[in-house]
Amino acid sequence: METSRPPFEKYLFVCEHAREEGDFCGAPGVAVRETLKQAVKDAGLAGRVRVSRSGCLDVCAKGPNVLLYPDGVLYSHVTPSDIPTIVAALVHQLNGERS
Ligand code: FES
């Protein structure tokens, strides 16, 4: 085993977990991830922010859920219309850290 720094500055883990019944993120989570991935790319952050699908984050009733690492921010009840707000916050934060 070896340890190292993650290659991206930020990670957005998007739950896509689906189950037969009860609350889950599932298809709406897939839509959020796809929209988020394109928005991150369009914002020029593809080399700095990684959008990854995840399994259940154990907050199923609040889905779709997006977890921002390493910030420790959980976005819940996310819809594609929320993506510009999430990405704008990342752009602001990352550009601020560079200057
Ligand atoms: S199914 Fe998404 S948090 Fe559990």
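Counting secondary structure elements, the protein chain contains two helices and four strands. Ordered by position from N to C terminus, the α and β elements of the protein chain give β-α-β-β-β-α. Overall size of the protein chain, expressed as C-alpha extent along the three principal axes, is 45 × 40 × 20 Å. The buried share of the protein chain, taken over its 99 residues, is 24%.

As judged from the six bridges shared by strand β1 (residues 10–15) and strand β2 (residues 49–54), these two strands associate in the parallel manner. Counted as the bridge partner of V14 is R53 from β2. The handedness of the β1 to β2 crossover, carried by helix α1 (residues 26–42), is right-handed.

Further remarks concern α1. An α-helix turns once per 3.6 residues; consequently, residues spaced three or four apart project the same way. In this model, α1 (17 residues) spans 25 Å end to end at C-alpha, consistent with the 24 Å of a helix rising 1.5 Å per residue. Taken as a whole, α1 has its buried residues at G29, V32, R33, T35, L36 and V40. Backbone geometry just downstream of α1 places G44 in the positive-phi region, at approximately 75 degrees.

On to the sheet that holds β2, then. Ordered in space as β2-β1-β3-β4, the four strands form an open sheet in which the pairing is mixed. What marks the edges here is a single partner per strand, and that holds for β2 and β4 (73–75). For this sheet, the mean inter-axis angle between neighbouring strands, taken without regard to orientation, is 20 degrees.

Conventions and cut-offs
- Each chain carries its own residue numbering, running from 1 in the written order of its sequence.
- Given that the model is predicted, a residue must reach a pLDDT of at least 70 before its local features are reported, and side-chain atom pairs must reach 80 or more before they are shown or counted; all residues, however, enter totals for whole chains, interfaces and linings.
- Counting from the N terminus, the helices are the DSSP runs of H or I reaching at least four residues and the strands are the DSSP runs of E reaching at least two.
- Exposure criterion: with C-beta atoms placed from backbone coordinates, a residue whose C-beta has 20 or more other C-beta atoms within 10 Å is buried, one with 12 or fewer is exposed, and one in between is partly exposed.
- Pairing between strands is defined by DSSP: at least two bridges between the two strands are required.
- Seen with its strands pointing away from the viewer, a crossover is right-handed when the path leading from the first strand over the helix to the second is clockwise.
- By this rule, a helix spans an expected 1.5 Å times one less than how many residues it contains.
- All axes here are fitted lines through C-alpha atoms, helices being fitted over the stretch that makes contact, and every angle between N-to-C directions spans 0 to 180 degrees.

Interpretation in functional terms is not warranted from these geometric data alone.
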